Every structure is written in C-alpha cells, then in structure tokens.
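# A structural walkthrough
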Amino acid sequence: MLYMIHGEDAPGTLDQRLAARPAHLERLQALLAAGRLILAGPCPAIDSPDPGPAGFSGSLIVAEFASLEAARAWADADPYVAAGVYARVTVKPFKKVLPV
C-alpha cells in the first residue's frame, strides 16, 4: 500500500537539512530503485522553487510500504530526523487516484 510521509521542519534547521541531504537522498534513491517511490520533494518556505536562505518548511514523500508500521519505521530512521531537521513527522495511508 502507499503511504504519505510529511516531515515538518523545525525553525532554523536549514544548515542541518543541507548537511543531512545526501544521506536522505540515498534512502530515497533506494526506494526508487526498488520501484516503490511515487514522489518526493521539499516544500519551499516561500513561493519560489529556490528559496535560498528562507529554506524549507518540510518534505513530502509518497511511497509503497508493506504496512503503516513499516512506513513509520522507515520515516523514523530518516537522516533528517536524526539531524533534528524535522520537528514533526506524519505518516498516513495514501490512495493514489490520478494520474492513472
């Protein structure tokens, strides 16, 4: 089943985010290689594709996992969690409707 993972950045954590980004992307690449990643990306803190020093307000990932518990465990092990970037992480089941 698909699950939505929404990480919300803590204020002032852009430097930690940038430092942990390579490890974060490595895990996403593994999901992609396994054919389980639907989409992933950051949420700019301002209305711009390149927010610069304004940074990001969080990230959204939609991927396939065996269960809600597996999705939560994967999210809990994210390098952004370990680096203190995310103040909160929400994991919910997701049903893709479009595009088909």
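To keep things clear, this report deals only with the structure shown in the data block. The model shown is predicted, which means the values in this text are computed figures rather than measured ones. (Residues numbered from 1 in each chain as written. Predicted model: local features only at pLDDT ≥ 70, side-chain atom pairs only at ≥ 80, totals over all residues. Heavy atoms only, no water.)

By the definition in use, this model includes three salt bridges. A salt bridge links E8 to R88, with the shortest nitrogen-to-oxygen separation between them at 3.5 Å. Note that E8 is positioned in strand β1 (residues 2-9) and R88 in strand β4 (residues 86-94), a separation of 80 residues in sequence. (Salt bridge = Lys/Arg side-chain N within 4 Å of Asp/Glu carboxyl O. Helix = DSSP H or I, 4+ residues; strand = E, 2+ residues; numbered from the N terminus.)

For helix α1 (residues 14-33), spanning 20 residues, the distance from its first C-alpha to its last is 27 Å, which sits close to the expected 28 Å at 1.5 Å a residue. The axis of α1 is deflected most strongly, by about 50°, at R21, and proline P22 appears within four residues downstream. For α1, the full list of buried residues reads R17, A20, H24, R27, L28 and L31. Buried residues along α1 sit against β1, β2 (37-44), β3 (56-64), α2 (68-76), α3 (79-82) and β4. Once α1 ends, the next one or two residues include G35, with phi positive near 75°. (Expected span 1.5 Å × (residues − 1). Bend = angle between axes of the 7 residues up to and from the residue. Buried < 20%, exposed > 50% of the residue type's maximum accessible area, 1.4 Å probe, protein only. Contact = heavy atoms within 4.5 Å.)

With that settled, consider the side chain of S59. Here S59 is to be found in strand β3. Side-chain polar atoms of S59 contact the side chain of R17, separated by 3.0 Å. Polar contacts involving the side chain of S59 include one to the side chain of Y86, which spans 3.1 Å. Ignoring sequence-local partners within four residues, the contact set of S59 consists of I5, H6, G7, R17, G41, P42, C43, Y80 and Y86. (Polar contact = N/O pair within 3.5 Å; in protein donor to acceptor, adjacent residues only side chain to side chain.)

Our next topic: the sheet that holds β3. A sheet is described by the order of its strands in space; here four strands give the open sequence β2-β3-β1-β4, paired in antiparallel fashion. The two strands at the open ends of the sheet, each matched to only one other strand, are β2 and β4. Each strand of the sheet is rotated relative to its neighbour by a mean of 10°, with strand direction disregarded. Where β1 and β4 come together, eight bridges link them in antiparallel fashion. (Pairing = 2+ DSSP bridges. Axes fitted to C-alpha atoms, helices over the stretch in contact; angles between N-to-C directions.)

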